[in-house]
Amino acid sequence: MANVLDGVKVVEISMWAYVPSAGAALAEWGADVVKIEPPTGDPIRGLMNAGVGPMDGIVFPWELWNRGKQSIALDLTNPEAQEIVLKLCEDADVFLTSYLPPVRDKLGIHLDAVRARNPQIIYACGSGQGAQGPEAAKGGYDSITFWSRGGVSASVTPPGYPRPVGMPAGAYGDSTSGIALAGGIAAALVKKARTGEGSLVDGSLLGTAMWVMQMGSVGAAVTAASSPEMAEMVRNPPPPPPFDGTLPAMPVFNPLVNNYETSDHRWVALCMLQPDLYFEGLMRALGRDDVVDDPRFATPADRATNAADIVEELNATFAKLTLAEAREVLGSQRGQWDVVNRAIDLIDDPQARINKFVQDVDYGGGRSLPMFTSPVHFDRTAPTLTPAPDFGEHTDEILGSIGMDDEAILNAKISGGVI
């Protein structure tokens, strides 16, 4: 059975992409996710960034992070709406929010208020900088908190480049952090199943960035600790020369762990961490018996000494091959490799299609949108992706689930608490 979270109810009050992406993953895994939106809706519904907006009525950033959920619109400044939230939490397993602590306190949806109605509920929060310390109430976005403060941008920016390199895709840090938060909630659900106790789950953009950057950060710390001179070099490197449009050559210690350009200006990536095991087979597959027989490359020590020369030979060889030809050649040898895909290439990647990592979601009227599943499937069955809800689409259904009849729902709408 693929829907491992069947029967799990999640009440979500969040906006933009980070925490909603966690809710989207939980929904894919089978949870019933009730998303509570403010009177103006989640602002991502109207996102207009870099010319990306509605596509024939579909705002795809909204769809990506809210597919499979239910929507109810409430004005949480209204006491009646606050009571509805707490009522929804009474039989929920998870309360999920991106709201900052002062806002949660003001709206009456803080931990104590929710736990007073459901002591066993899992209370999960996604923040910018973490739940403790002087910046606990400070907001964050992935471009500044995950990508910039988290050290990712600096690590991929070439020396002397005129500005820090930006994220490769919108919500890059949000979606990375969201799947981590979903995993934390899943772990808390295991604890609840075993003990009956709910957990307070905290995830953050900064914490996730530090998790993915730890090889670089810890490596830098180890290098700095090796000598006072290295500590100064790591912490206060000399300013690089102005960027002249040419990327600096990167030293290659293993020519079989490197990228090579094909004749049609695509790239292949080699990652043969045991070069001595694969060197001869690769070169013969490429038709370069002469390189195998070259005395400069006769032994592992020779190949290490003359690594730059091997890179030159491989550059020249791949420059004569199209990407299709390079695929065929590399597929005939044992070493590890792959293509450097562009973002658009992922949509039609055959392996992704077979595994249903990408699915075409039907919106009717001849409209469809390719969307990617969360990266964890269960029982070899991919989730079936469905559209995100219209604004307040499930309001009456959700209110009915907590015992409100038609008259009570009508009165709540008249009072302004329900939109």
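A quick note: this is a predicted structure, and the numbers were derived from the prediction, not measured. (Residues numbered from 1 in each chain as written. Predicted model: local features only at pLDDT ≥ 70, side-chain atom pairs only at ≥ 80, totals over all residues. Heavy atoms only, no water.)

## Digging into the overall build of the protein chain
Secondary structure assignment for the protein chain yields 19 helices and 11 strands. Considered along the principal axes of its C-alpha atoms, the protein chain spans approximately 90 × 55 × 45 Å. Expressed as a percentage of its 419 residues, the buried residues of the protein chain come to 42%. For the protein chain, restricting intrachain contacts to residue pairs at least 6 apart in sequence, the fraction spanning at least 24 positions comes to 68%. Carbon together with sulfur atoms contributes 57% to the accessible area of the protein chain, which is approximately 21,900 Å² in total. Across the protein chain, the 31 positively charged side chains and the 52 negatively charged ones have centroids separated by 2 Å. (Helix = DSSP H or I, 4+ residues; strand = E, 2+ residues; numbered from the N terminus. Buried < 20%, exposed > 50% of the residue type's maximum accessible area, 1.4 Å probe, protein only. Contact = heavy atoms within 4.5 Å. Areas by Shrake-Rupley, 256 points an atom, 1.4 Å probe, with all protein chains shown as cover. Lys, Arg positive; Asp, Glu negative; His and termini not counted. Charge placed at Lys NZ, Arg CZ, Asp CG, Glu CD.)

## Describing the packing of aromatic side chains
One pass over the structure, following the stated rule, counts 5 aromatic pairs. Between W147 and Y172 the ring centres are 5.8 Å apart and the planes differ by 85 degrees, which places this aromatic pair in the edge-to-face class. You can see W147 sitting in helix α6 (residues 142–149) and its partner Y172 sitting in helix α8 (residues 172–195), a full 25 residues away along the chain. Note on W147: relative accessible area 6%, which makes it buried. When its relative accessible area of 35% is taken as the criterion, Y172 is described as partly exposed. A network of ring pairs unites the aromatic residues F146, W147 and Y172 as a single cluster. The ring of W62 has R45 sitting right over it, with the charged end atom 3.7 Å from the ring centre. A cation over a ring is seen here: R303 above F279, with NZ or CZ 4.7 Å from the ring centre. (Phe/Tyr/Trp six-rings, centres within 6.5 Å; stacked < 30°, edge-to-face > 60°. Lys NZ or Arg CZ within 6 Å of the ring centre and 35° of its normal.)

## Quick look at the pattern of salt bridges
What the rule picks out here adds up to 24 salt bridges. With its nearest N and O atoms 3.4 Å apart, the salt bridge here joins D289 to R284. Judged by its relative accessible area of 35%, R284 is partly exposed. As a salt-bridge pair, R288 and D290 come within 2.9 Å of each other at their nearest N and O atoms. For R288, a relative accessible area of 14% corresponds to the buried category. (Salt bridge = Lys/Arg side-chain N within 4 Å of Asp/Glu carboxyl O.)

## Observations concerning the sheet that holds strand β7 (residues 257–261)
By definition, the strands of a sheet pair up through backbone hydrogen bonds, in either a parallel or an antiparallel sense. Strands sit in the order β7-β8-β9 across an open sheet of 3 strands; the sheet is antiparallel. Two strands lie at the open edges of the sheet, namely β7 and β9 (337–339), each paired on one side alone. The sheet shows a mean angle of 20 degrees between the axes of neighbouring strands, direction not considered. Pairing of β7 with strand β8 (residues 267–271), which is carried by 5 bridges, proceeds in the antiparallel orientation. Residue pairing in the sheet places V257 in a bridge with C271 of β8. Helix-sheet contacts for helix α16 (residues 323–330) involve β8 and β9, and the interaxial angle to β8 is about 20 degrees. (Pairing = 2+ DSSP bridges. Axes fitted to C-alpha atoms, helices over the stretch in contact; angles between N-to-C directions.)

## Focus: the side chain of Q359
Here Q359 is to be found in strand β10 (residues 358–364). A polar contact is formed between the side chain of Q359 and the backbone oxygen of K356, at a distance of 3.4 Å. One polar contact links the side chain of Q359 to the main-chain carbonyl oxygen of P383, over a distance of 2.6 Å. Leave out the neighbours within four places in its chain, and Q359 touches R353, L369, P370, M371, T373, A382, P383, T384 and L385. (Polar contact = N/O pair within 3.5 Å; in protein donor to acceptor, adjacent residues only side chain to side chain.)

## Points about the pairing of strand β5 (residues 122–127)
Of all 6 residues in β5, 6 are buried, a share of seventy percent or more. Here β5 shows two buried faces, one formed by I122, A124 and G126 and the other by Y123, C125 and S127. Two strands pair when backbone bridges link them, and strand β4 (residues 94–97) and β5 are joined in this way by 4 bridges, in the parallel orientation. Counted as the bridge partner of T97 is C125 from β5. Of the strand pairs in this sheet, β5 and strand β6 (residues 200–204) are connected by 5 bridges, and their pairing is parallel. Bridging from a neighbouring strand, A124 pairs with V201 of β6.

## Remarks on the pairing of β10
Summarising the sheet, β10 and strand β11 (residues 367–372) pair through 6 bridges and their orientation is antiparallel. Within β11, the position partnered with D362 by the bridge is S368. Once β10 ends, the chain turns through 2 residues before running back antiparallel as β11, passing G365 with a positive phi of about 65 degrees.

## Overview of the sheet that holds β4
Read across the open sheet, the 6 strands follow the order β3-β2-β1-β4-β5-β6; overall the sheet is parallel. The outermost strands of the open sheet, each flanked by one partner alone, are β3 (70–73) and β6. Taken over all neighbouring pairs, the strand axes of this sheet differ in orientation by 20 degrees on average, direction set aside. Sheet strands touched by helix α1 (residues 18–28): β1 (9–13), β2 (32–37), β4, β5 and β6. Its angle to β4, the strand with the most contacts, is close to 150 degrees.

## What about the state of the cysteines?
Counted according to the given criterion, the structure contains 0 disulfides. With no disulfide of its own, C125 lies 12 Å from the sulfur of C89, the closest cysteine sulfur. (Disulfide = S-S within 2.5 Å.)

## Let's talk about helix α15 (residues 307–318)
Over its 12 residues, α15 extends 17 Å from the first C-alpha to the last, a length consistent with the 16 Å expected when each residue adds 1.5 Å. Looking only at α15, the buried set comprises A307, I310, V311, L314, T317 and F318. Burial along α15 is one-sided: seen end-on, the buried residues are contained in an arc of 125 degrees. Opposite the buried face of α15, by more than 90 degrees, sit the exposed residues A308 and E312. (Expected span 1.5 Å × (residues − 1). Arc of directions from axis to C-beta.)

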